[in-house]
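Understanding the architecture of this molecule
Take a look at the letters that make up each chain.
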Amino acid sequence: MYTMGQAAQLAAEFLRQESSGWDNEVALFEGDEARAKKGEFFYFAFQSVEFIATGDDKYFLYGPCHISVHGVTGTCRILSVQESFAVDPFNHRQ
C-alpha cells in the first residue's frame, strides 16, 4: 500500500510524462487541500505552473485537472471531467 507521499511522487512523475508535449508546463498543487484519499485511490490536483505561481486566471487551464493513483498498484491516470465531478475528490460539491 502506498503512502500519500509516495502516491504524490508517482502522480508527479506521471504528470511529467503525460504533459511532455503539451503547450503549457503543469505541476501538482503543493497544499494538502489539493490531495485526498478516498477508498483505494489517492487524488491530486494539477494546474499550469504559471497559475500556481501567480494565481492569475489568464493562466488557468480548464478541463480535467485531477490525477488518480491506485493505492495498491500505483496505477495513475488523468480523470475525465465527468469522473472528477462524480468522485468530487476534494469535497467541493458539498
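Since the structure is predicted, the reported quantities are computational estimates derived from the model, not experimental observations. (Residues numbered from 1 in each chain as written. Predicted model: local features only at pLDDT ≥ 70, side-chain atom pairs only at ≥ 80, totals over all residues. Heavy atoms only, no water.)

1. Details of the packing of aromatic side chains
With the rule as written, the count across this model stands at four aromatic pairs. Between W22 and F46 the ring centres are 6.3 Å apart and the planes differ by 35 degrees, which places this aromatic pair in the tilted class. Linking W22 in the loop between α1 (4-18) and β1 (26-28) with F46 in strand β3 (residues 41-48), this pair joins segments that are 24 residues apart in sequence. For the pair F60 and Y62, a centre-to-centre distance of 4.7 Å together with 75 degrees between the ring planes defines the contact as edge-to-face. Chaining the aromatic ring pairs together yields one cluster made of F51, F60 and Y62. (Phe/Tyr/Trp six-rings, centres within 6.5 Å; stacked < 30°, edge-to-face > 60°. Helix = DSSP H or I, 4+ residues; strand = E, 2+ residues; numbered from the N terminus.)

2. Overview of α1
For an α-helix the count is 3.6 residues per turn, leaving residues at separations of three or four pointing the same way. Taking 1.5 Å of rise per residue, 15 residues should cover 21 Å, and α1 covers 21 Å from first to last C-alpha, within 8% of that figure. On its buried face, α1 sits against β1, β2 (35-38), β3, β4 (66-70) and β5 (76-78). (Expected span 1.5 Å × (residues − 1). Contact = heavy atoms within 4.5 Å.)

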